[in-house]
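Structural overview
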Amino acid sequence: MGFFKKHKLSHSVPDVVPGHVAFIMDGNGRWAKKRGLPRTAGHSKGVKTFEEVIELCFNTGVDTVTVYAFSTENWKRPKTEVDFILKLLDEYLTISTEKCLKKGIRMRIIGDRSIFPEKMIEKMNDSEQRTAHLRYNLNVAVNYGSRAEICTAVNKLIAEGKTQVTEEDISAHLYTAEVGDPDLIVRTGGELRLSNFLMWQAAYSEFYFTETFWPDFGKKDLYKAFEKYASTHRRFGGL
Ligand code: IPE
Ligand code: IPE
Ligand code: MG
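Reading the values: rules and limits
- Residues numbered from 1 in each chain as written.
- Chains lettered and ligands numbered in written order.
- Predicted model: local features only at pLDDT ≥ 70, side-chain atom pairs only at ≥ 80, totals over all residues.
- Heavy atoms only, no water.
- Near = heavy atom within 4 Å.
- Polar contact = N/O pair within 3.5 Å; in protein donor to acceptor, adjacent residues only side chain to side chain.
- Areas by Shrake-Rupley, 256 points an atom, 1.4 Å probe, with all protein chains shown as cover.
- Salt bridge = Lys/Arg side-chain N within 4 Å of Asp/Glu carboxyl O.
- Helix = DSSP H or I, 4+ residues; strand = E, 2+ residues; numbered from the N terminus.
- Buried < 20%, exposed > 50% of the residue type's maximum accessible area, 1.4 Å probe, protein only.
- Phe/Tyr/Trp six-rings, centres within 6.5 Å; stacked < 30°, edge-to-face > 60°.
- Expected span 1.5 Å × (residues − 1).
- 1 Å grid on protein atoms, 1.4 Å probe; cavity = no way out; pocket = protein on both sides within 12 Å on 5 of 7 lines; lining within 4 Å.
- Sits in = over half its atoms within 2 Å of the grid points.

This next bit is on the site of ligand 1. Close to ligand 1 lie 13 residues, the nearest being D26, G29, R30, R39 and R77. Here an oxygen atom of ligand 1 sits 3.4 Å away from a polar atom, N or O, in the main chain of G27. One of the side-chain N or O atoms of R77 is found 2.7 Å from an oxygen atom in ligand 1. A total of 380 Å² of accessible area belongs to ligand 1 in isolation, and the protein chains cover 87% of it.

One pass over the structure, following the stated rule, counts 21 salt bridges. Among the ionic pairs, K79 bridges to D83, the shortest N-O distance being 2.7 Å. Separated by four residues within a single helix, K79 and D83 lie in helix α3 (residues 79-103), roughly one turn from each other. You can call D83 partly exposed: its relative accessible area is 36%. Its salt-bridge partner being D183, residue R234 comes within 3.1 Å of it at the nearest N-O pair. Residue R234 is located in the segment after α7 (219-230), and its partner D183 is located in the loop between α6 (167-173) and β5 (184-187); the two are separated by 51 residues in the primary sequence.

Under the defined criterion, the tally for this structure stands at 13 aromatic pairs. An angle of 15° between the planes, with centres 4.3 Å apart, marks the rings of Y68 and F197 as stacked. On the criterion of sequence distance, the pair formed by Y68 in strand β2 (residues 64-71) and F197 in the loop between β5 and β6 (206-209) is long-range, its members being 129 residues apart. The interplanar angle of 80° and the centroid separation of 4.9 Å between the aromatic rings of F70 and W75 together place this pair among those described as edge-to-face. By way of ring pairs, the aromatic residues Y68, Y144, Y175 and F197 are connected into one cluster.

We now examine helix α2 (residues 39-60). End to end, α2 covers 31 Å across 22 residues, agreeing with the expected 32 Å (1.5 Å per residue, within 8%). Every buried residue belonging to α2 is among G42, H43, G46, T49, F50, V53, I54, L56, C57, F58 and T60, and all of these are buried. In the stretch just after α2, G61 is the one whose phi turns positive, near 115°.

Around ligand 2 lies a shell formed by I24, M25, D26, Y68, A69, F70, N74, R77, R187, R193 and S195. N74 has a polar side-chain atom sitting 2.9 Å from an oxygen atom of ligand 2. Within the side chain of S195, a nitrogen or oxygen atom sits 2.6 Å from an oxygen atom of ligand 2. In isolation ligand 2 offers 390 Å² of accessible surface; the protein chains occlude 78% of this area. Applying the majority rule of atoms within 2 Å of the grid points places ligand 2 in the largest pocket. Ranked by residues supplied to the shell around ligand 2, first place goes to β2 with three residues.

Put into structure tokens, the structure is as follows:
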């Protein structure tokens, strides 16, 4: 018996996991470039990573996952790259409802969807409606920018006749009104910034930054982020 050492599982499931984790899925282009591939190959691999990571999160006890898929600033990229990303989004939307129904995931799209083709908007609405009763929450941020989101919220409040607003008013008019604030925000790809993601909602979020490019992000990285989160004392301004 003593011959066989009991191997500690390399990545044991963390005891404490965030209820809501958000991902800034960055580094697809650099991942591809490092391999001599076109940037678009990084985006394709990024979709696979996204599917694996959300599955891991929900299996580990996370309730809500929010991912940054396309920002209001990403339109500045070459048209070929933008078109490719939107094609991937459209393909995902085509299969997402069935996948989410199977896995008990409620899907929401956050961001200004009005800019997308009618067919895509229909898929977004359909996916949201048909998964609305499910337990886990997946929020996909597309054509999303925090500043635009806050301006839209304030304009809605003005249209409602408000001349003074409260924090609750603003929170209730954001795309994330039903989604809530993230406990943990993970950014891959080595940059230490928010890039216009959930600025209002991140007031008391914990942050985890890693050099790992999004397509390489896996269980080991995720559990490391959760372990770091578990070891942090969140004071929310108190003691
Ligand atoms: C993130 O990866 C995906 C999107 C912004 C759509 P990038 O495409 O920004 O990859 P890098 O940061 O250039 O490597
Ligand atoms: C943030 O990544 C947006 C998404 C991951 C969708 P970017 O690559 O667009 O951010 P910057 O340009 O480095 O700030
Ligand atoms: Mg980037």
